[in-house]
Amino acid sequence: MEENKFTDLIKPYLNSIDNGSFFRKPLKWLYMAMAVINLIFPIYILYQTISSGFFEYMSGKYIFFFILIWLIILAAGWLSFQLWWNRKDQVDTSTEKDDEFTATPAFAHLIQTTGEWVGSWIAVVGFFISLFLTLAFGSEASYLSEAMGVGFIGVGFLAVILMPVYGFVIIIFSRFLAEQFKALTTIANNTRKNKPAPGNSGG
């Protein structure tokens, strides 16, 4: 069939939507951006703490525990960078060439990866920050948490227990949600591929 350049200029754009590359490529860029953000986040924490005047007014005990906690955040940032950077390579394999449903698997992969990241961060970093601050400062722990820009992490022994629980729940829920999306699209894609062509049905 002869192509009409006047009407077919949009075909590459439509093909990118149909084959899923329209969704996968931006998602890979997003994953790379998230990886870089996780490397920058510890630097932001350090800047936030310095800007608050923390080092000017706090004693050596506070400074020591800040450095300890900051090193934990730095390690978590490095591991989170690796998580996003490695997961970006799986975006291309979330769909196959002939799949009709391409946006949902890519979105499901984003849900799964985000849940893994948030859940792991809260479980590990949240646990150690809550533990160290609670043991060292008691009722004053919330001030240090706010000064570091991580006031969303609770303090107190209840928080120490709940942080890993919250992290686990986030990971398992996001994984469950992603798997439901993947299962539905896999069934839909396989049903379409196995459906007999018109005029080829047995009988």
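Structure shown above.
Calculation criteria
Residues numbered from 1 in each chain as written. Predicted model: local features only at pLDDT ≥ 70, side-chain atom pairs only at ≥ 80, totals over all residues. Heavy atoms only, no water. Patch = residues over 30% accessible without salt bridge, like charges linked within 9 Å, V, L, I, M, F, W, Y side chains within 5 Å. Areas by Shrake-Rupley, 256 points an atom, 1.4 Å probe, with all protein chains shown as cover. Salt bridge = Lys/Arg side-chain N within 4 Å of Asp/Glu carboxyl O. Helix = DSSP H or I, 4+ residues; strand = E, 2+ residues; numbered from the N terminus. Phe/Tyr/Trp six-rings, centres within 6.5 Å; stacked < 30°, edge-to-face > 60°. Buried < 20%, exposed > 50% of the residue type's maximum accessible area, 1.4 Å probe, protein only. Polar contact = N/O pair within 3.5 Å; in protein donor to acceptor, adjacent residues only side chain to side chain.

## Brief notes about a nonpolar patch on the surface
Judged by side-chain polarity, Val36, Leu39, Ile40, Ile43, Trp78 and Leu79 come together as a nonpolar surface patch covering roughly 580 Å² of accessible area. Counting residues per element, the ones that place at least two in the nonpolar patch are helix H3 (21-51) and helix H5 (60-87). With 4 residues, H3 is the single largest residue contributor to the nonpolar patch. In this structure, Trp78 sits in helix H5.

## A few points about the packing of aromatic side chains
Under the counting rule described, the total for this entry stands at 10 aromatic pairs. Their ring planes at 15 degrees and their centres at 5.4 Å tell us that Trp78 and Phe81 sit as a pair that is stacked. Of this pair, Trp78 and Phe81 both sit in helix H5, 3 residues apart, which is roughly one turn of the helix. Ring centres of Phe127 and Phe128 lie 5.2 Å apart, and the angle between their planes is 75 degrees; on these two criteria the pair is classed as edge-to-face.

## Section: the side chain of Ser130
Position of Ser130 relative to the elements: it lies in helix H6 (residues 103-137). You can call Ser130 buried: its relative accessible area is 0%. At 2.8 Å, the side chain of Ser130 and the backbone oxygen of Gly126 are in polar contact.

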